[in-house]
Amino acid sequence: MRYVLGPVGTAYDAHLQTLVSFFVMARVFREEPVLAVTDRDRVVAVAIVTLPRNTPAPEELHQLRESVWHELGAAARARYEAFGEACKTFHIEQPHHHLNMIGVRRSHAGLGFARPLLHAVHDQSREDSASCGVSLTTEDPRNISLYERFGYQSTGHVTVSEKLQSWGFFRPDETGE
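These numbers were taken from a predicted model, which means no experiment stands behind them. (Residues numbered from 1 in each chain as written. Predicted model: local features only at pLDDT ≥ 70, side-chain atom pairs only at ≥ 80, totals over all residues. Heavy atoms only, no water.)

Peer 1: Even after reading the chapter, I still don't get the layout of surface pockets, so can you show me in this structure?
Peer 2: Once rolled over the atoms, a probe with the size of a water molecule shows which space is left empty. Reported here for the second largest pocket is a volume of approximately 160 Å³. If you go around the second largest pocket, the residues you meet are Arg2, Tyr3, Arg79, Ser161, Lys163 and Leu164. (1 Å grid on protein atoms, 1.4 Å probe; cavity = no way out; pocket = protein on both sides within 12 Å on 5 of 7 lines; lining within 4 Å. Points joined across faces, edges and corners; volume = space filled by probe spheres on them.)

Peer 1: How do you make sense of a nonpolar patch on the surface when you look at a structure like this?
Peer 2: Nonpolar side chains collect at one region of the surface, where Met25, Val28, Phe29 and Val34 lie side by side and expose about 280 Å² of accessible area between them. It is helix α2 (residues 12–29) that contributes the most residues to the nonpolar patch, three residues altogether. Checked against the element boundaries, valine 34 lands in strand β1 (residues 34–39). Classification of valine 34 by relative accessible area gives partly exposed; the value is 38%. (Patch = residues over 30% accessible without salt bridge, like charges linked within 9 Å, V, L, I, M, F, W, Y side chains within 5 Å. Areas by Shrake-Rupley, 256 points an atom, 1.4 Å probe, with all protein chains shown as cover. Salt bridge = Lys/Arg side-chain N within 4 Å of Asp/Glu carboxyl O. Helix = DSSP H or I, 4+ residues; strand = E, 2+ residues; numbered from the N terminus. Buried < 20%, exposed > 50% of the residue type's maximum accessible area, 1.4 Å probe, protein only.)

Peer 1: What am I meant to see in the nonpolar core here?
Peer 2: Proteins that are soluble and globular tend to have nonpolar side chains buried together. Core analysis: the largest hydrophobic core is formed by 21 residues, its most contacted members being Tyr3, Val4, Leu19, Trp69, Leu72, Phe83 and Val160. Taken together, the elements giving at least two residues each to this core come down to α1 (2–5), α2, α3 (59–72), α4 (74–87) and β5 (153–161). At five residues, α2 tops the list of elements feeding residues into this core. Excluding its chain neighbours within four sequence positions, the residues that come into contact with leucine 19 are Met1, Val4, Leu5, Trp69 and Leu72. Counting residues in each nonpolar core, the second largest holds 19 residues, with Val37, Val44, Val49 and Trp167 among its members. (Core = buried A, V, L, I, M, F, W, Y, C linked by side-chain atoms within 4.5 Å. Contact = heavy atoms within 4.5 Å.)

Peer 1: Explain the environment of phenylalanine 22 to me, please; I cannot follow it from the model alone.
Peer 2: Turning to its location among the elements, phenylalanine 22 is positioned in helix α2. With 39 residues separating them along the chain, phenylalanine 22 and leucine 61 place their C-alpha atoms 8.8 Å apart. In this structure, phenylalanine 22 is in contact with Leu61, Leu64, Arg65 and Val68, ignoring residues within four places of it in sequence.

Peer 1: Got a minute to help me understand the pairing of strand β2 (residues 42–50) in this structure?
Peer 2: The two faces of a sheet get side chains in turn, since along a regular strand they alternate between them. The sheet contact formed by β1 and β2 spans six bridges and is antiparallel. Each residue of the ladder has a partner; that of valine 34, found in β2, is isoleucine 48. Taking the residues that link successive antiparallel strands as the turn, the β1-β2 hairpin has two residues, and the phi of arginine 40 there is positive, at about 55°. Judged from the six bridges that link them, β2 and strand β3 (residues 97–104) form a sheet pairing that is antiparallel. Counterpart to isoleucine 48 in the pairing with β3 is methionine 101. (Pairing = 2+ DSSP bridges.)

Peer 1: For this particular structure, what's the right way to read the pattern of salt bridges?
Peer 2: Proximity of charged atoms lets side chains of opposite charge pair with each other. Considering all chains together, one arrives at eight salt bridges under this definition. Among the ionic pairs, aspartate 39 bridges to arginine 40, the shortest N-O distance being 3.6 Å. According to the relative accessible area criterion, aspartate 39 is partly exposed, its value standing at 24%. Residue arginine 77 pairs with glutamate 66 through a salt bridge whose shortest N-O separation is 3.0 Å. In this pair, arginine 77 is assigned in helix α4 and glutamate 66 in helix α3, connecting sequence segments 11 residues apart. Residue classification places arginine 77 among the partly exposed positions, given a relative accessible area of 24%. Judged by relative accessible area, which is 42%, glutamate 66 ranks as partly exposed.

Peer 1: Got a minute to help me understand helix α5 (residues 114–127) in this structure?
Peer 2: At 3.6 residues per turn, the α-helix brings residues three or four places apart onto the same side. Compared with the 20 Å implied by 1.5 Å per residue over 14 residues, the 20 Å span of α5 between its first and last C-alpha is a close match. Along α5, the residues classified as buried are Ala114, Leu117, Leu118, Val121, His122 and Ser125. With its buried residues spanning 135° around the axis, α5 presents them on a single face. Elements in contact with the buried residues of α5: β1, β2, β3, β4 (133–138), α6 (144–149) and β6 (164–172). (Expected span 1.5 Å × (residues − 1). Arc of directions from axis to C-beta.)

Peer 1: How do you make sense of the environment of arginine 115 when you look at a structure like this?
Peer 2: Relative to the assigned elements, arginine 115 resides in helix α5. When the C-alpha positions of arginine 115 and leucine 19 are compared, they lie 25 Å apart, and in sequence the two are 96 residues distant.

See the structure below:
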């Protein structure tokens, strides 16, 4: 996200909220999963997932996309598109679920709140006859061992820019955990 947003100074938090909201609304408009874990009635972890179906984007999503890029600017859009191009090297041929984003509140990091989200995505994929597994990318090298513990296998590594690298992973449905 930092790479896409670039050097926005004091507007970073507002721009981050805009970008995350866009990603969530893209799932909502396509009726795809938005998963959450709560702790004492407070959402502490969230995951958004793209299903293996090629659901056309409704007009509302196209309009939202254009308003987001108008707000964030042409440079942010260019960085987003460059990231997408670079990650095409991780492409999985078979239909599968894609874990677009998973996040845990800093106050709850390291307490196991990502585990139920990962299990839920794995279960959804296994229960979907159109899916052969789950893919994801990470831009944080500290996450590599976490995903490997959950049965993910590397599909590649790419340098997007001087300041950003990304790793692709895939977990076939028959994998345990």
